[in-house]
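Okay, here's what each chain looks like letter by letter:
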Amino acid sequence: MFIIGITLVATLGGLLFGYDTAVISGATEALKVFFVTPLESDSVLALQVLGEYKLIISLCFIVVSLLVSSFMFRMYGKQKGIIYSAIVVLIGVVIWYTQFWVSVNELTENTLNSINGFTISSAIIGCIIGGSICGSVSQKLGRKRGLILAAFLFTISAIGSAMPEMMNFFGASTISAFIFYRIIGGIGVGIASMLSPMYIAEIAPAKYRGRLVSGNQFAIVFGMLVVYFVNYSIALNGDANWLNEIGWRYMFASETIPAVFFLVMLYFVPESPRYLIMKSREKEAEGVLNKIVGTVQAPKLLADIKESLKENNAPWLTFGGLIIVIGVLLSVFQQFVGINVVLYYAAEIFRNLGSSTEVALYQTIIVGAINLIFTVLAIFTVDKFGRKPLMIIGGVGMGICMFSLGAAFYLNQMGLFALIAMLGYVAFFAMSWGPVTWVLLSEIFPNSIRSAMSLAVAAQWMANMVVSWTFPMMNDNSWLTAQFNHGFTYWIYGVMGILSAVFVWKLVPETKGRTLEDMQKLWKK
């Protein structure tokens, strides 16, 4: 009961992760009408927003380039790190200048779609930052205080996103203020996305770890389901005009309730025993281990942890490059299969299928319910069948469903077949790549390079940003729509689903039943 209790508190970080990322799904149309549509008729505002948009993107490029450069130092050391960092920065500058700075100078259809896509997905920039720094946060502040920081950022973001005019302390346009607070919330999501499963993995006995870490994914999708109900309930209180002016604010403000609750509950959980040992607080660590595994097993586990931490904070390539590649690709494939397109743009996809706004928001509840049900299935099978079988089956299933959904759009068959394909895709993701990716990421990195998980988390959010930002650019592009009737994007995600299954089959080791210390021995071999 002690383990379950502190796990439930830690999973509130996952719940807020899901809540924050899915709240946008009910507001996509409202944000476009409130922030982007007025730019077409107000040239002065359009000029201001365009300048701020270019500045924000430029700052984001700088921050992300610096964060990726810091990873080069952690992997290759000082001398090689300088060379690889310079290469990363140079590539970033070329992409920024050619694909953005010189090409975005007027409000074309593509620019408006890009601003709209960035407004909706801007929180992911924060997620990249949070995911990049959470390794340092976990080492310096600890797992518990890192989660407290995340809860505080969630609270600030919820208030600022709901009232960007009142919380605009820097004299920018309202849309820029909104983007700022979404980025703040994203930093909280990025930190929680790593620290919640890491904390659970470090306090869970090996035989229950897959189930308990999967519980974090359950909390994520439960948070999504809750916010789908919240969004739908808010939408019932007025017409479309009310929703576009006022209703969307209530959607973001509602996040303050779980955020404050998480902040309060964190004061009642202990710090991770592995972090305590790392900081030479062995008495406290032993007390926590006694409660987790009992007084008989605690001394042996304490000794194993101390042994594995002799090389604490070792260079990330201590165990070779394959473990880094596997961690990064697990994260990238989890996003490139297109899941966040479904989560962020679910209502818009249903509107493309012919539903009204109210019906579309109701249908997102069905998506959330399917996600929840099949996540529960993963929780009860991940320790029984193992990680690899679920990931391979899920990848193939998602690929088939995305090909089918793309075909439904292309052939203009927007009926039951398209709905089944979309729900089938969500089911396959929920039973595999949703929860099991986090289980694997929390297990594969040895204690001595535990902070390398931050690279995988940062890569996940970068991939998420690419997918979420490019979806409206592709889906709303006039030429692609004329050629493929919205089907093109889903075929790309279908290919990624198949590739993800091949990747797991060929490269990813099975971690079922292994302790975290066993994984260190595996990678040493």
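Coordinates for the structure precede this section.
Just so it is clear, the model here is predicted, and its values are computed rather than measured.

K.L.:
Help me understand the overall build of the chain, please; the structure alone is not making it clear to me.
P.N.:
When its secondary structure is counted, the chain shows 22 helices and zero strands. At 22 Å, the chain has a C-alpha radius of gyration in line with the 24 Å of a compact globule built from 525 residues. Counting across all 525 residues of the chain, residues that qualify as buried make up 60%. For the chain, the proportion of contacts with a sequence separation of at least 24, taken over those separated by at least 6, is 84%. Accessible surface, the chain: about 20200 Å² in total, of which carbon and sulfur atoms supply 68%. Averaged over its 33 positive side-chain charges, the chain has a centre that lies 15 Å from the centre of its 27 negative ones.

K.L.:
Got a minute to help me understand the nonpolar core in this structure?
P.N.:
Across soluble globular proteins, you tend to see nonpolar side chains buried next to one another. By size, the foremost hydrophobic cluster in this structure holds 158 residues, and its most contacted members are Phe118, Trp248, Phe252, Leu330, Tyr425, Trp433 and Phe445. Take this core: its biggest share by element is 16 residues, from helix α7 (residues 174-203). Excluding its chain neighbours within four sequence positions, the residues that come into contact with Leu330 are Met391, Trp433, Thr437, Leu440, Leu441, Ile444, Phe503 and Val508.

K.L.:
Whenever I open this one, a nonpolar patch on the surface confuses me. Can you help?
P.N.:
A cluster of nonpolar residues, Val396, Ile400, Phe403, Val495, Ile498, Leu499, Val502 and Trp505, forms a patch on the protein surface that exposes about 670 Å² of accessible area. Of all the secondary-structure elements, those providing two or more residues to the nonpolar patch are α16 (387-410) and α21 (488-507). Residue contributions to the nonpolar patch peak at five residues, all from α21. Secondary-structure assignment places Val502 in helix α21.

K.L.:
Explain the layout of surface pockets to me, please; I cannot follow it from the model alone.
P.N.:
To locate leftover empty space, one rolls a probe as large as a water molecule over the atoms. One number sums up the size of the largest pocket: a volume of about 1200 Å³. Lining the largest pocket are 41 residues, with Phe61, Ile95, Met462, Val466 and Trp469 positioned closest to its centre. Counting residues per element, the ones that place at least two in the lining of the largest pocket are α3 (43-101), α4 (109-121), α5 (123-140), α13 (322-336) and α19 (453-475). At 16 residues, the largest contribution of residues to the lining of the largest pocket is made by α3. Of the residues contributing to the lining of the largest pocket, the split by class is 31 nonpolar, 10 polar and no charged.

K.L.:
Would you explain the environment of Gly92 in this entry?
P.N.:
Take Gly92: it is sitting in helix α3. Considering only alpha carbons, one finds Gly92 and Leu66, 26 residues apart in sequence, at a separation of 10.0 Å. Those residues in contact with Gly92, other than ones at most four positions away along the chain, are Phe61 and Ser65.

K.L.:
Can you walk me through the packing of aromatic side chains in this structure?
P.N.:
The description of an aromatic ring pair uses the distance of the two centres, along with the angle that the planes make with each other. All chains considered together, the criterion is met by 17 aromatic pairs. Taking 5.1 Å as the distance between ring centres and 5° as the angle between the ring planes, the aromatic pair formed by Phe409 and Tyr490 counts as stacked. With Phe409 in helix α16 and Tyr490 in helix α21, the pair connects residues that are 81 residues apart, well separated along the chain. Since its relative accessible area comes to 1%, Phe409 is described here as buried. The exposure class assigned to Tyr490 is buried, which follows from its relative accessible area of 0%. Among the aromatic side chains, those forming a connected cluster through ring pairs are Phe34, Phe35, Phe178, Trp248 and Phe252. One residue, Lys506, lies across the ring of Trp505, its end atom 4.3 Å from the ring centre.

K.L.:
Would you explain the packing of helix α2 (residues 28-36) against α4 in this entry?
P.N.:
Two quantities define a packed helix pair, namely the angle between the helix axes and the distance between the axes. Following both chains from N to C, one finds α2 and α4 inclined at 125°, their axes separated by 10 Å at the closest point. Classified by the angle between their axes, α2 and α4 sit oblique to one another. Handedness of the α2/α4 crossing: right-handed. In this structure, α2 uses Thr28, Lys32, Phe35 and Val36 to contact α4, whose residues at the interface are Leu112, Ile115, Asn116, Thr119 and Ile120. Considered class by class, the residues forming the contact of α2 with α4 number five nonpolar, three polar and one charged.

K.L.:
Just to check I follow, could you spell out the side chain of Asp20 for this structure?
P.N.:
With respect to the helices and strands, the residue Asp20 is situated in helix α1 (residues 2-22). Asp20 gets classed as buried once you look at its relative accessible area, which sits at 1%. Discounting chain neighbours no more than four positions away, the residues touching Asp20 are Ala123, Phe154, Ser157, Arg182, Gly185, Val189 and Glu255.

K.L.:
Explanation requested: α19 in the structure shown.
P.N.:
Residues spaced three or four apart along an α-helix face the same direction, because each turn holds 3.6 residues. With 23 residues, α19 extends 33 Å from end C-alpha to end C-alpha; this agrees with the ideal 33 Å at 1.5 Å per step. Most of α19 is tucked away: 18 of the 23 residues are buried.

K.L.:
Whenever I open this one, α16 confuses me. Can you help?
P.N.:
Between its terminal C-alpha atoms α16 stretches 35 Å, which fits the 34 Å expected from 24 residues at 1.5 Å a residue. Of the residues trailing α16, Asn412 is marked for its positive phi of about 60°.

K.L.:
I would appreciate a short explanation of the pattern of salt bridges in the present structure.
P.N.:
For side chains of opposite charge, pairing can occur when their charged atoms come near one another. With the rule as written, the count across this model stands at four salt bridges. One salt bridge in this structure joins Arg249 and Glu165, with 2.6 Å as the shortest N-O distance. Highlighted residues: Arg249 in helix α9 (residues 240-253) and Glu165 in the loop between α6 (143-162) and α7, separated in sequence by 84 residues. A relative accessible area of 34% means that Glu165 is categorised as partly exposed. A salt bridge links Glu443 to Arg387, with the shortest nitrogen-to-oxygen separation between them at 2.6 Å. Highlighted residues: Glu443 in helix α18 (residues 435-444) and Arg387 in helix α16, separated in sequence by 56 residues. Pair check on accessibility: Glu443 and Arg387 agree, each one buried.

K.L.:
I would appreciate a short explanation of the side chain of Asn231 in the present structure.
P.N.:
Assignment of secondary structure puts Asn231 in helix α8 (residues 206-235). If near-sequence neighbours (up to four positions away) are discounted, Asn231 is found in contact with Ala22, Val23, Ser25, Gly26, Met251 and Leu361.

K.L.:
I tried to follow the packing of α18 against α19 on my own but got confused; where do I start?
P.N.:
Relative to each other, α18 and α19 sit at 150°, their axes nearing to 9 Å. By the angle between their axes, α18 is roughly antiparallel relative to α19. The hand of the α18/α19 crossing is right-handed. Facing Thr437, Trp438, Leu441 and Ser442 of α18, the residues of α19 in contact are Met453, Ala456, Val457 and Gln460.

K.L.:
Is there a simple way to explain the environment of Tyr97 in this structure?
P.N.:
Mapping Tyr97 onto the fold places it in helix α3. The class for Tyr97 is partly exposed, based on a relative accessible area of 42%.

Thresholds, definitions, all that
- Residues numbered from 1 in each chain as written.
- Predicted model: local features only at pLDDT ≥ 70, side-chain atom pairs only at ≥ 80, totals over all residues.
- Heavy atoms only, no water.
- Helix = DSSP H or I, 4+ residues; strand = E, 2+ residues; numbered from the N terminus.
- Rg over C-alpha atoms; globule rule 2.2 N^0.38 Å.
- Buried < 20%, exposed > 50% of the residue type's maximum accessible area, 1.4 Å probe, protein only.
- Contact = heavy atoms within 4.5 Å.
- Areas by Shrake-Rupley, 256 points an atom, 1.4 Å probe, with all protein chains shown as cover.
- Lys, Arg positive; Asp, Glu negative; His and termini not counted.
- Charge placed at Lys NZ, Arg CZ, Asp CG, Glu CD.
- Core = buried A, V, L, I, M, F, W, Y, C linked by side-chain atoms within 4.5 Å.
- Patch = residues over 30% accessible without salt bridge, like charges linked within 9 Å, V, L, I, M, F, W, Y side chains within 5 Å.
- Salt bridge = Lys/Arg side-chain N within 4 Å of Asp/Glu carboxyl O.
- 1 Å grid on protein atoms, 1.4 Å probe; cavity = no way out; pocket = protein on both sides within 12 Å on 5 of 7 lines; lining within 4 Å.
- Points joined across faces, edges and corners; volume = space filled by probe spheres on them.
- Nonpolar A, V, L, I, M, F, W, Y, C, P; charged D, E, K, R; others polar.
- Phe/Tyr/Trp six-rings, centres within 6.5 Å; stacked < 30°, edge-to-face > 60°.
- Lys NZ or Arg CZ within 6 Å of the ring centre and 35° of its normal.
- Axes fitted to C-alpha atoms, helices over the stretch in contact; angles between N-to-C directions.
- Parallel < 35°, antiparallel > 145°, perpendicular 65-115°, else oblique.
- Left-handed = near helix turned anticlockwise from the far one by under 90°.
- Expected span 1.5 Å × (residues − 1).

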